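The lines below spell out each chain.
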Amino acid sequence: MRIFALLAAFLAAMAMSTPTFADGHLKIVDEPLELTVHMHHKRYPAYDENWPVEQEARRLTNIHLKNATIGSNTTNSGEAMNLLLASGSIPDIVGTSRIKDVVNQYGPQGAFMPLNDLIDEHAPHITAFFEKFPDIKSAMTAADGNIYYIPYLPDGKYGRAYFIRHDWLDKLGLEVPQSVDEVKSVLEAFRDQDPNGNGQQDEVPYFARQWEELIRLVTLWDGRSSGSDTYHDFYVDNGTIRHPYAGEGYREGIKNLAQWYAEGLIDPEVFTRGSSAREYLLSENLGGMTHDWFASTSGYNTTLQGKIDGFVFKAFAPPASISGARIEEHRRIPVKPDGWAIGGANSHPVETIKYFDFWFSPEGRNVVNFGVEGVHWEMQDGKAIFTDVILGSGRPVNSQLYEIGAQLHARGYYQDYGYEIQWSNSYALEGIALYDEGDYLIDQFLGVAFNEEEQAVYDKHWTSVRTYMLERQQVWILGGGDVEAEWDDYLADLDKMGLNKVLEAMQSAYNRQYGS
């Protein structure tokens, strides 16, 4: 019953009033207005004027975006942005991954417009959002007090969870592991006792699509792997900025993960197998446990139960750490560094901010989240409900939405979690209810905005520090070094390379942005 109650709560939360408006009430200009746009994301390296969502937005607003993307031949948004900046010609609108740092650096120089007054005077829906979520407004604000971009704003709390093969547990007479020691015992059983029944010792006890989800396991030894939904990020400890890869719990975690790897409890190809790991290892009846997204991972129960006898891959509660703490480090962060901004030479800033505001209106939010009404979704009892065009195709819903121009992360918009709950099966809902009941989520670091001096310190030191951290991390896990023996030298190296200077700059920015 709790699952259905949770679903009802989500659907109620996504419900919105649908007042009757005169046709054309969303039009921003009487005559079509063309604005140029650079839009780059690894999933869509150029803006497409033919996306159905874009055609619908044109019809409703009379704003016509024209593609001016530079660097569409690369999937690296950073490279594309560098090319754009080097061109010396900034389009009317710039949307890309990790735009926050770019606009905060170059906005004060005039490359991008400050949006504060434009929002206050011409963007009532964005203003209402800021009033409801003031911390998000703080997180978006640059060091000079200006806002230079409108971000992609995820909705919902839950992202990834621990998953385990329940059918393997049942076959071996095991219970769902409740502690780090029990996790190890279960993984050993998966390795040794042939749960897939093929007479070979070919099971992969723990696997991960992203190798960083192996590092996430340091939380079982009271370490941290990140402070946000971005891998390797800083975190906040009672108001103090720290980095997880310099903590004692991290050291203990890496030591144990190296042992687990050496004992064959972790996929030997965890650093190289890549994004196909989940599909291959589950489909071949080889994978036992992972940490991955609720909806997409639960979906394998639907696709594989007819192919693998008894297949059940369910979420389970975070195991207790060595101190007894149960935490889920990953959650959906409420504000991303992705989104879009207004170019400094844009001659129609009022119309552009009104266009940005359209995507925060009830109608625009439905379009950006679900697609075109009457084609991709229908309104039922005040809620946008996908049609069979989306739900009946058998293809991943999020992939279909990207293809029509919906749910694009290089656009500033407020996501509606109702889009995902509709294609989350009962296994996903059961897992979400389990995590909701246990209250395992921890707070996230929303990022900082540097001033020029802080940015210089960060730019000078951070890239080399981060590279060194990741190099040592993999060397230790793969058995090429001894984290215990090398730890003091490692910390000394980090200090020499400037980690503590970076932390000081981060702390200064954090205190200014959020209050000391």
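Note that the structure is predicted; figures quoted are calculated from it, not measured.

Glancing now at the overall build of the chain. Assigned secondary structure in the chain consists of 23 helices and 14 strands. For the chain, the C-alpha radius of gyration of 24 Å lies close to 24 Å, the compact-globule estimate for 516 residues. Taken along the three principal axes of its C-alpha coordinates, the chain extends 70 × 55 × 40 Å. Considering the chain as a whole, with its 516 residues, one finds that 56% of them fall into the buried category. Sequence-distant contacts, at least 24 apart, represent 76% of the contacts inside the chain between residues at least 6 apart. In the chain, which carries 42 positive and 74 negative side-chain charges, the distance between the mean positions of the two groups comes to 0 Å.

Turning our attention to the sheet that holds strand β1 (residues 33-40). With respect to topology, 6 strands assemble into an open sheet ordered β2-β1-β3-β11-β4-β14, the strand pairing being mixed. Because the sheet does not close on itself, it has two edges, and the strands there are β2 (63-67) and β14 (413-414). Relative to strand β11 (residues 339-342), strand β4 (residues 150-153) runs antiparallel, the two being bridged by 2 bridges. Bridged to Ile150 within β11 is Trp340. With respect to the sheet, helix α4 (residues 99-106) is in contact with β3 (93-96) and β11, its orientation differing from that of β11 by roughly 20°. Packed on one face of the sheet, helix α15 (residues 349-358) meets β1, β2, β3, β4 and β11 and runs near 165° to β11.

What follows concerns the pattern of salt bridges. Following the criterion strictly, the structure yields 28 salt bridges and no others. Bridged by salt links that share partners, the residues Arg160, Glu213, Arg216, Arg224 and Glu329 form one connected network.

Another aspect to go through is helix α22 (residues 483-497). At Asp489, α22 is bent by approximately 30°, the largest bend along its length. Buried within α22 we find Val483, Trp487, Tyr490 and Leu494. Contact partners of the buried residues in α22: α11 (248-262), α21 (452-477) and α23 (499-514). Where α22 begins, one side-chain oxygen reaches toward the backbone nitrogen of Glu484, 3.0 Å away; that side chain belongs to Asp482. Positive backbone phi, approximately 110°, marks Gly498, located one or two places after α22.

Even without being glycine, Asn238 reaches a positive phi, approximately 50°. Here Asn238 is to be found in the loop between β7 (235-237) and β8 (240-242). The phi torsion at Gln407 lies on the positive side, around 55°, for a residue other than glycine. Secondary-structure assignment places Gln407 in the loop between α18 (397-404) and β14. By relative accessible area, Gln407 is classed as buried at 2%.

Another point: helix α2 (residues 52-61). Counting buried positions along α2 gives 7 out of 10 residues, so the element sits mostly inside the fold. Listed in full, the buried residues belonging to α2 are Val53, Glu54, Glu56, Ala57, Arg58, Leu60 and Thr61. Looking one or two places after α2, you find Asn62, whose phi comes out positive at around 70°.

By the element assignment, His376 lies in the loop between α16 (362-370) and β12 (377-380). Beyond its immediate stretch of four places on either side in the chain, His376 contacts Pro52, Phe370, Gly371, Ile385, Phe386, Thr387, Val389, Ile390 and Ile404.

Here we come to the packing of aromatic side chains. By the definition in use, this model includes 37 aromatic pairs. Taken together, a centroid distance of 4.8 Å and an interplanar angle of 40° make the contact between Phe234 and Trp462 tilted. Placement of Phe234 in the loop between α10 (212-215) and β7 and of Trp462 in helix α21 is noted, with a sequence separation of 228 residues between them. A single burial state applies to Phe234 and to Trp462, both of which are buried. Through successive ring pairs, a cluster of aromatic residues spans Tyr158, Phe163, Phe207, Phe294, Phe311, Phe313, Tyr435 and Tyr440.

Here His38 shows up in strand β1. With relative accessibility at 0%, the residue His38 sits in the buried group. If sequence neighbours within four positions are ignored, His38 has contacts with Ala68, Thr69, Ile70, Ala80, Leu84, Pro91, Ile93, Val94 and Gly95.

With that settled, consider the pairing of strand β10 (residues 313-316). Within a regular strand, the side chains alternate between the two sheet faces. Alternating residues of β10 divide into Phe313 and Ala315 and Lys314 and Phe316, and every residue in both groups is buried. As defined by bridge partners, strand β5 (residues 160-165) adjoins β10 across 4 bridges and the pair is classed as antiparallel. In the strand pairing of β10, Arg165 is matched with Phe313.

Now for the pairing of strand β13 (residues 383-386). On β13, burial covers both faces: Lys383 and Ile385 on one face and Ala384 and Phe386 on the other are all buried. As defined by bridge partners, β12 adjoins β13 across 4 bridges and the pair is classed as antiparallel. Along β13, the bridge assignment pairs Glu378 with Ile385. Between β12 and β13, which pair antiparallel and follow one another directly, the connecting turn spans 2 residues, one of which, Asp381, has a positive phi of 50°.

Looking now at the environment of Trp462. Classification of Trp462 by relative accessible area gives buried; the value is 7%. Those residues in contact with Trp462, other than ones at most four positions away along the chain, are His232, Phe234, His243, Met469, Leu499 and Val502.

Quick look at the nonpolar core now. Residues Leu214, Trp260 and Tyr490 are the most contacted members of the largest nonpolar core, which totals 79 residues. Membership of the second largest hydrophobic core comes to 72 residues, among which are Ile126, Val397, Leu401 and Tyr419.

This next bit is on the environment of Asp192. Within the fold, Asp192 resides in helix α9 (residues 180-192). Between the C-alpha atoms of Asp192 and Asp202, which are 10 residues apart in sequence, the distance is 9.2 Å. Among the polar contacts listed, one links the side chain of Asp192 to the side chain of Gln201, at a separation of 3.3 Å.

What follows is about the sheet that holds strand β9 (residues 287-293). Read from one edge of the open sheet, 4 strands run β6-β9-β5-β10, paired in mixed fashion. Strand pairing shows two members of the sheet lacking a second neighbour, β6 (204-206) and β10, which therefore form its edges. Each adjacent strand pair in this sheet contributes to an overall mean axis angle of 35°, direction not counted. The strands that α9 touches are β5, β6 and β9; relative to β6, the one it contacts most, it runs at about 170°. Lying on the sheet, helix α20 (residues 426-438) is in contact with β5 and β10; it crosses β10 at an angle near 15°.

About the criteria used
Residues numbered from 1 in each chain as written. Predicted model: local features only at pLDDT ≥ 70, side-chain atom pairs only at ≥ 80, totals over all residues. Heavy atoms only, no water. Helix = DSSP H or I, 4+ residues; strand = E, 2+ residues; numbered from the N terminus. Rg over C-alpha atoms; globule rule 2.2 N^0.38 Å. Buried < 20%, exposed > 50% of the residue type's maximum accessible area, 1.4 Å probe, protein only. Contact = heavy atoms within 4.5 Å. Lys, Arg positive; Asp, Glu negative; His and termini not counted. Charge placed at Lys NZ, Arg CZ, Asp CG, Glu CD. Pairing = 2+ DSSP bridges. Axes fitted to C-alpha atoms, helices over the stretch in contact; angles between N-to-C directions. Salt bridge = Lys/Arg side-chain N within 4 Å of Asp/Glu carboxyl O. Bend = angle between axes of the 7 residues up to and from the residue. Polar contact = N/O pair within 3.5 Å; in protein donor to acceptor, adjacent residues only side chain to side chain. Phe/Tyr/Trp six-rings, centres within 6.5 Å; stacked < 30°, edge-to-face > 60°. Core = buried A, V, L, I, M, F, W, Y, C linked by side-chain atoms within 4.5 Å.

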